[in-house]
Structure formats: structure tokens, C-alpha cells
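Examination of the molecular architecture
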Amino acid sequence: NQISTAFISEEFHTIAIGVDEGKTIFVHSLEHKLPVFLIKLDENNKADLIAISQSWGFIVVISSKSDTQNFVTLYNINGLFIKQVKIKSIINQIVCWTNRDGFDFMCFSDVNGNIYVTEIYEISEELFDNPFYSCNCEVDKLMFDKSNETIIIQTVNRKEIIKSV
């Protein structure tokens, strides 16, 4: 099977891999060297990006059924479904971090260079109505600097933007 996306969580000693053309998420324990579980996505839904949050272990799956049907789906670290949010954007980058109080956050960028920030558990459709920031060009890389609590955005034309959160 082709791998559509993957993410390694050092905190949870786990790897999540999108297989079967992204229709299935295979979660494997790196510590025990054993498969843990499979997450089957809804019909015709394909995983494009995966992340695992550092504190609570939320498995964040960015998926699409078509160019107009995109979703953010949350699972807990045991693979149990939490919620799914339909989104209006095509997400191309994601970064997760934990704040000083132990809450997990994520930052997305879409193909138009819009940046969205939310506490992971609080994600909603309304988030995508009001971007946190707009780069006006596609984002190549998103990073989080925990020491300064800033998002570092690198665009495809090599511009770097630093935003406090």
C-alpha cells in the first residue's frame, strides 16, 4: 500500500500512517513494536495530513473527499472518535504544541496562505471564517517556538514571518 501521510509522536512512542490511499490510519507502537489499531475513515474520505498532539495525544486527521469537501477529525490516542469538523479550506501545513497550562493547540495553513490557530479540542467550522493571519502566498513550512510562544511561518517565496500567540 502507498503511504499518503505519516506522523511520529515521540511523546507517545507512536507512529500514525495513512495507508490504503489514505482511507485507513494505521497506528503502531514504536515502544512495543506492535500495531495498536486501525482507524477507518468515512467512505471516500482520504487522509492528507496527520498530527498527534503532545500533551493529550489527540490524533488530528486532515482529510478530503473532494476539492470542496475537507475535514478535520479528532481521535484520542486510543483511536476513539471525538469529533469531525467540515472546513472550507484545503489545508497544506499543520503544527501542534502544548501551552504552559498543558492544553494542546494547533496551527494550520491553507493553500491560499491563510493561518488558523485554535485549541485542538475547541476546533469548529467558524474558525475558518476568520484567519489568524494571511500571508497572501502559499506556506511552505509552519513551526512553533515554545520558548517565545511564536509561530514561525515560511512561505514558498522564502519569506519568514513570526507571529506571537
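What you see is a predicted model, and the numbers here were worked out from it, not measured in a lab.

**Notes on the overall build of the protein**
A count of helices and strands for the protein gives 0 helices and 15 strands. Against the globule reference of 15 Å for 165 residues, the protein gives a C-alpha radius of gyration of 15 Å, in line with a compact fold. For the protein, the C-alpha atoms occupy an extent of roughly 40 × 35 × 30 Å along the three principal directions. Within the protein, buried positions represent 48% of all 165 residues.

**Here we look at the pairing of strand S1 (residues 5-9)**
Along any regular strand the residues' side chains alternate between the sheet's two faces. As paired strands, S1 and strand S2 (residues 14-19) are joined by 5 bridges and run antiparallel to one another. Its bridge partner lying in S2, Ile8 is registered against Ile15. The turn linking S1 back onto S2 is made up of 4 residues, and His13 within it adopts a positive phi angle of 50°.

**Re the sheet that holds strand S11 (residues 114-119)**
Spatial strand order, S9-S10-S11-S12: 4 strands in an open sheet with antiparallel pairing. In this open sheet, the two edge strands, each paired with only one partner strand, are strand S9 (91-98) and strand S12 (133-134). With 7 bridges joining them, S9 and strand S10 (residues 104-110) adopt antiparallel strand pairing. What sits directly across from Thr98, in S10, is Asp104.

**Some points on the nonpolar core**
As a rule of thumb, nonpolar side chains are buried together in soluble globular proteins. Val60, Ile94, Met106, Phe108 and Ile123 are the most contacted members of the largest nonpolar core, which has 19 residues in total. Of all the elements in the fold, those that place two or more residues in this core are strand S5 (46-52), strand S6 (59-64), strand S7 (70-75), strand S8 (81-87), S9 and S10. Top element by residues in this core is S9. It accounts for 3 residues. Once residues lying within four places of it in the same chain are set aside, the contact partners of Ile94 are Leu49, Ala51, Val60, Ile62, Met106, Cys107, Phe108 and Leu142.

**A few points about the environment of Asn76**
With respect to the helices and strands, Asn76 occurs in the loop between S7 and S8. Judged by relative accessible area, which is 21%, Asn76 ranks as partly exposed. Spatially, the C-alpha atom of Asn76 lies 15 Å from that of Phe7, the residues being 69 residues apart in sequence. If we ignore the near neighbours within four places in the chain, the residues touching Asn76 are Gly57, Ile59 and Ile82. A polar contact of 2.8 Å, which involves the side chain of Asn76, links it to the backbone nitrogen of Asn78.

**Remarks on the packing of aromatic side chains**
Two numbers describe a pair of aromatic rings. These are the distance of the centres and the angle of the planes. With the rule as written, the count across this model stands at 6 aromatic pairs. On the basis of an interplanar angle of 75° and a centroid distance of 6.0 Å, the ring pair of Tyr75 and Phe81 is categorised as edge-to-face. Classification of Phe81 as exposed rests on a relative accessible area of 51%. Ring-pair connections join several aromatic residues into one group, and the members of that group are Trp97, Phe105 and Phe144.

The rules behind the values
- Residues numbered from 1 in each chain as written.
- Predicted model: local features only at pLDDT ≥ 70, side-chain atom pairs only at ≥ 80, totals over all residues.
- Heavy atoms only, no water.
- Helix = DSSP H or I, 4+ residues; strand = E, 2+ residues; numbered from the N terminus.
- Rg over C-alpha atoms; globule rule 2.2 N^0.38 Å.
- Buried < 20%, exposed > 50% of the residue type's maximum accessible area, 1.4 Å probe, protein only.
- Pairing = 2+ DSSP bridges.
- Core = buried A, V, L, I, M, F, W, Y, C linked by side-chain atoms within 4.5 Å.
- Contact = heavy atoms within 4.5 Å.
- Polar contact = N/O pair within 3.5 Å; in protein donor to acceptor, adjacent residues only side chain to side chain.
- Phe/Tyr/Trp six-rings, centres within 6.5 Å; stacked < 30°, edge-to-face > 60°.

Honestly, it's all geometry; don't read function into it.
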